[in-house]
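# A structural walkthrough
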Amino acid sequence: MASSTPSDLVAKKNTTSAVWQYFGFRPNEKGEAVNTDEAICKLCHKKVTARDGNTSNLRSHIRIHHPLTAARMDPSSLSATVLPPHDAGPTTSRSTASTQPTIMGAFGKTTKYKRDSVRWKTCTDAVTKYLAKEMVSFHTVEKKSFKDMVKVLDAQYDLPGRKHFSQTAVPHLYSKVRDNIQVLLTAADSYSLTTDMWSSVNMTPYMSLTVHTITPDWKLESKCLQTTYFPESHTADNLAAALRAALQVWQLDEKKLSAITTDNAANIHAAIRSLHWPWLNCFGHNLNLAVTNALHDQRQKTERALGLCRNIVGAFSHSWQRKHELHKKQVDLGLPNHSLITDCATRWGSKLAMVERILEQAQAIRHVLSDDRRSSLSLTWQDMDVLKAVHEALKPVGDFTDILSGENYVTSSCILPILQLCRDNVLAASENDLQLTKSIKTGILTKLEAKYESDSSRKLMRKCTFLDPRYRGGYETDDNALAETKAELQAEIVSFETASPVAIRVEEGEAQPEPSRKKMTLGSMLQKKADAMAGPVGIGTVEDRVGAEITAYCLEPVTQGDEDPLLWWKNAAGRFPKMSRVARKYLCVCATSTPSERVFSTAGKVVGPQRALLKPDKVNMLVFLAKNLD
């Protein structure tokens, strides 16, 4: 007989003992109790002998196997039967008994959970997730304050030591999350990658790899696959071997790879080229190089002003007195209470932020420095003009990097429209611009467009943009390029259709139900005649059907710029089933390699100064969990 759930058990009739609320009997087909000498525990489903309704074994079972339940029960239910009171007055002794600790209650509070119990595993999993997600050290569980906190929360939970979490709990959680991601990737039709190199605080080299795919319900998923130790020389051959090995470990088919996005380093570019993978260079790195090189071309005009800004920031950063005076002047002059910002060589946006903050606080800075006769950090009107010219040139493109650095929404389709926007508006020289501003804008635009001159990159970006319902072909001024993009997509869809035709398979030995015969109607007779005249369903070649679908897609109205293209495709996939497959393939490509750089931000917190001796495999697990745990 199949095991019964607590709700299926038949309760004992005419009982006065409260312990029977936790026991019952198996029912037969009529719902009557079977074998009343053998009770079933509703808490653990174990059989307990209870001949002639004797409750001694039942009370012993509750006391030994369920001490917490025993502690919560009325003491009389474990010692004697509960008899109805003959003279129940308005007040009873129950309230008094509930306020006083009982022997069973004290016993239940001091009994520790068994390590194979559900409660102990639940508590341990929660602590494991806390250690991994918050990136704290394993030694945390051995600190007195943490132990005291856990004891207050649940005195019956026996907190394991750090070795249990390091050697058992974290690897188990890693395997569980990894299996879930493996299932996601196995079901994916296509995917894209981003990768980058990084060195920890003790100069240990690592390579990160993140994957991006669009699920069948049209949600863009980004997952950190690994942060692997890379002690070999960073040559193109070694990088190519490491990337290919990573795909083999994760059972990823190279044929399903849409593209990989990296920076412009020569070694990684050569590695991707040797692997024959579609490649897209990072827009953020391209823009940083364009701005840096454009300012370098104008260094004779900008070098003094930018160098003076760095010196001013340094003077205020190393003197608390100047900081205090600056704050007082900000209050007196009604300026925002902002600190000065220094620039970073690898982040052009920090240079813009530094200049913008200097211009904002110029009046307060001048008052503070004028009181210091030993200081030579004075901004002349020529310096101010240079800073204003630099600010006017860089400000319009300040938001592009942040917009294209996302990993939870489509970005690759926006590169060509942004380049066109820069060419026609943002970086176009106007009559009111200073000559220095015009020169910087022209330099940025020229160098930025040069990064996307490759035919393979242009074709990839055109496909991404064409498949985005916000743009389609409206951005493209070259009719030949648009026709070429359509032809390439048509050929790709046809190859998909011919390689994996849709077929209905019948399992061996499975009988198919015969269709029920319906009475012939006039409509069905006319339909047969129309089908015979029209020929077989789906007449025409695959190329014709795909071409018709592409044409119908082009006739669709363009959506608003703020609308989610994935949501549009989710609703339109039924009308464009063939194009939806290539849409998932190309819209998952990232415009920047920022997702991999974010992995290293997490890795920097994991491998901090206090945890610099973590082994590489443990670093990989902890970074993986910190990035992928919900």
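Basis of the calculations
- Residues numbered from 1 in each chain as written.
- Predicted model: local features only at pLDDT ≥ 70, side-chain atom pairs only at ≥ 80, totals over all residues.
- Heavy atoms only, no water.
- Pairing = 2+ DSSP bridges.
- Helix = DSSP H or I, 4+ residues; strand = E, 2+ residues; numbered from the N terminus.
- Axes fitted to C-alpha atoms, helices over the stretch in contact; angles between N-to-C directions.
- Contact = heavy atoms within 4.5 Å.
- Salt bridge = Lys/Arg side-chain N within 4 Å of Asp/Glu carboxyl O.
- Phe/Tyr/Trp six-rings, centres within 6.5 Å; stacked < 30°, edge-to-face > 60°.
- Buried < 20%, exposed > 50% of the residue type's maximum accessible area, 1.4 Å probe, protein only.
- Lys NZ or Arg CZ within 6 Å of the ring centre and 35° of its normal.
- Right-handed = clockwise from strand over helix to strand, strands pointing away.
- pLDDT = per-residue confidence, 0-100.
- Parallel < 35°, antiparallel > 145°, perpendicular 65-115°, else oblique.
- Left-handed = near helix turned anticlockwise from the far one by under 90°.
- Nonpolar A, V, L, I, M, F, W, Y, C, P; charged D, E, K, R; others polar.
- Expected span 1.5 Å × (residues − 1).
- Core = buried A, V, L, I, M, F, W, Y, C linked by side-chain atoms within 4.5 Å.

## Considering the sheet that holds strand β9 (residues 257–262)
Across a sheet, paired strands are connected by hydrogen bonds in the backbone, their directions being either parallel or antiparallel. The strand order across the open sheet formed by 5 strands is β8-β7-β6-β9-β10, and the pairing between neighbours is mixed. Whereas interior strands pair on both sides, the edge strands pair on one side only; in this sheet they are β8 (220–229) and β10 (279–281). Sheet twist, expressed as the average angle between the axes of neighbouring strands with direction ignored, equals 25°. Examined bridge by bridge, strand β6 (residues 191–199) and β9 share 3 bridges and lie parallel to one another. Residue pairing for β9: Thr194 is matched across the bridge by Thr261. Against the sheet, helix α20 (residues 455–466) makes contact with β9 and β10, and its axis sits at roughly 90° relative to β10, the strand it touches most.

## Comments concerning the pattern of salt bridges
A side chain of one charge can pair with a side chain of the opposite charge when the charged atoms of the two come close. For the structure shown, the criterion picks out 24 salt bridges. For the salt bridge of Glu254 with Arg244, the shortest nitrogen-to-oxygen distance reads 2.8 Å. Note that Glu254 is positioned in the loop between α9 (236–249) and β9 and Arg244 in helix α9, a separation of 10 residues in sequence. By sharing partners, the salt bridges in this structure join Lys459, Lys463, Glu484, Glu488, Glu492 and Lys585 into a single network.

## Topic: the packing of aromatic side chains
Going through the model one piece at a time under the given rule, you end up with 17 aromatic pairs. Between Phe283 and Tyr452 the ring centres are 6.4 Å apart and the planes differ by 25°, which places this aromatic pair in the stacked class. With Phe283 in helix α11 (residues 283–297) and Tyr452 in the loop between α19 (435–450) and α20, the pair connects residues that are 169 residues apart, well separated along the chain. The same class applies to Phe283 as to Tyr452, namely buried. Plain terms: the ring middles of Trp569 and Phe576 are 6.4 Å apart, the flat faces sit at 75° to each other, and that makes the pair edge-to-face. We classify Trp569 as buried; its relative accessible area is 0%. Grouping aromatic residues by their ring pairs yields a cluster made of Trp218, Phe466, Tyr553, Trp568, Trp569 and Phe576. Sitting above the plane of the Trp250 ring, Arg178 keeps its charged end 4.1 Å from the centroid.

## Brief notes about the pairing of β9
The element β9 is largely enclosed, with a buried count of 6 among its 6 residues. Bridge count between β9 and β10: 3 bridges; the pairing is parallel. For Ile260, the partnering residue across the bridge sits in β10 and is Trp279. Crossover handedness for the path β9 to helix α10 (residues 266–275) to β10: right-handed.

## Side note on the confidence of the model for the protein
Scored by pLDDT, the protein has a mean of 85; 86% of the residues are at 70 or more. Low pLDDT, under 50, characterises residues 76–98; the predicted model gives this stretch 18 contacts beyond four residues in sequence or across chains. Below a pLDDT of 50 lies the segment residues 529–538, which in the model reaches 1 contact outside its immediate sequence neighbourhood of four places, other chains included.

## Let's talk about the sheet that holds strand β5 (residues 47–49)
Within the open sheet, the 3 strands sit side by side as β1-β4-β5. Their pairing is antiparallel. The sheet terminates laterally at β1 (23–24) and β5, the two strands that pair on one side only. Sheet topology places β1 next to strand β4 (residues 38–41); 2 bridges connect them, and they run antiparallel. Across the sheet, the residue bridging to Gly24 is Ile40, located in β4. Contacting β1, β4 and β5, helix α1 (residues 56–65) crosses the sheet at an angle of about 140° to β5.

## A closer look at the packing of helix α14 (residues 348–360) against helix α16 (residues 381–394)
Between α14 and α16, the least distance of the axes is 10 Å, while the angle of their chain directions is 135°. When the axes of α14 and α16 are compared, the pair comes out oblique. The crossing of α14 and α16 is left-handed. Facing α14, whose interface residues are Trp348, Leu352, Val355, Glu356, Ile358 and Leu359, α16 presents Met384, Leu387, Lys388, His391 and Leu394. In terms of residue class, the contact of α14 with α16 is made up of 8 nonpolar, 1 polar and 2 charged.

## Quick word on helix α18 (residues 415–426)
Taking 1.5 Å per residue, 12 residues should reach 16 Å; α18 reaches only 14 Å between its end C-alpha atoms and comes up short. All of the buried residues in α18 are Ile415, Leu416, Pro417, Ile418, Leu419, Cys422 and Val426. On its buried face, α18 sits against β10, α11, α17 (400–403), α19 and α20.

## As for the nonpolar core
Among the nonpolar cores identified, the biggest contains 86 residues, and Phe283, Ile312, Ile358, Leu394, Ile444, Trp569 and Met579 are the most heavily contacted of them. In terms of residue count, helix α12 (residues 299–317) provides more of this core than any other element does, 8 residues in total. Among the nonpolar cores identified, the runner-up in size contains 58 residues, and Phe165, Ala271, Trp277 and Val599 belong to it.

## Examining the packing of helix α21 (residues 479–499) against helix α25 (residues 577–586)
Angle between the axes and distance between the axes: these two values describe a pair of packed helices. Two elements in contact, α21 and α25, have axes separated by 10 Å at closest approach and are oriented at 110°. Relative to α25, α21 is oriented roughly perpendicular. Facing α21, whose interface residues are Leu489, Glu492, Ile493, Phe496 and Glu497, α25 presents Lys578, Met579, Arg581, Val582, Lys585 and Tyr586. Across the contact of α21 with α25, the residue classes break down as 6 nonpolar, no polar and 5 charged.

## Structural notes on unusual backbone geometry
You will see that Met203, though not glycine, has its phi angle at about 60°, which is positive. In this fold, Met203 is placed in the loop between β6 and β7 (205–214). In this structure Met203 comes out as exposed when scored by relative accessible area, which is 63%. Even without glycine at this site, Gln251 takes up a positive phi of about 55°. Here Gln251 lies in the loop between α9 and β9. A residue is classified by how much of its surface remains accessible, and Gln251, at 62% relative accessible area, is exposed.

## A word on the pairing of β8
Looking down a regular strand, the side chains alternate between one sheet face and the other. Here β8 lies mainly inside the structure; 8 of its 10 residues are buried. As judged from the 9 bridges shared by β7 and β8, these two strands associate in the antiparallel manner. Of the residues in β8, the one forming a bridge with Thr210 is Cys224. Linking β7 to β8, which pair antiparallel, is a turn of 5 residues; within it Trp218 sits at a positive phi near 65°.

## Some remarks on the environment of Phe230
With respect to the secondary-structure elements, Phe230 resides in the loop between β8 and α9. Phe230 sits in the buried class, given a relative accessible area of 3%. Taking the C-alpha atoms as reference points, Phe230 and Ala242, separated by 12 residues in sequence, lie 8.4 Å from one another. Ignoring any residue separated from it by four or fewer positions in sequence, one finds Phe230 in contact with Met197, Pro205, Tyr206, Met207, Asn238, Leu239 and Ala242.

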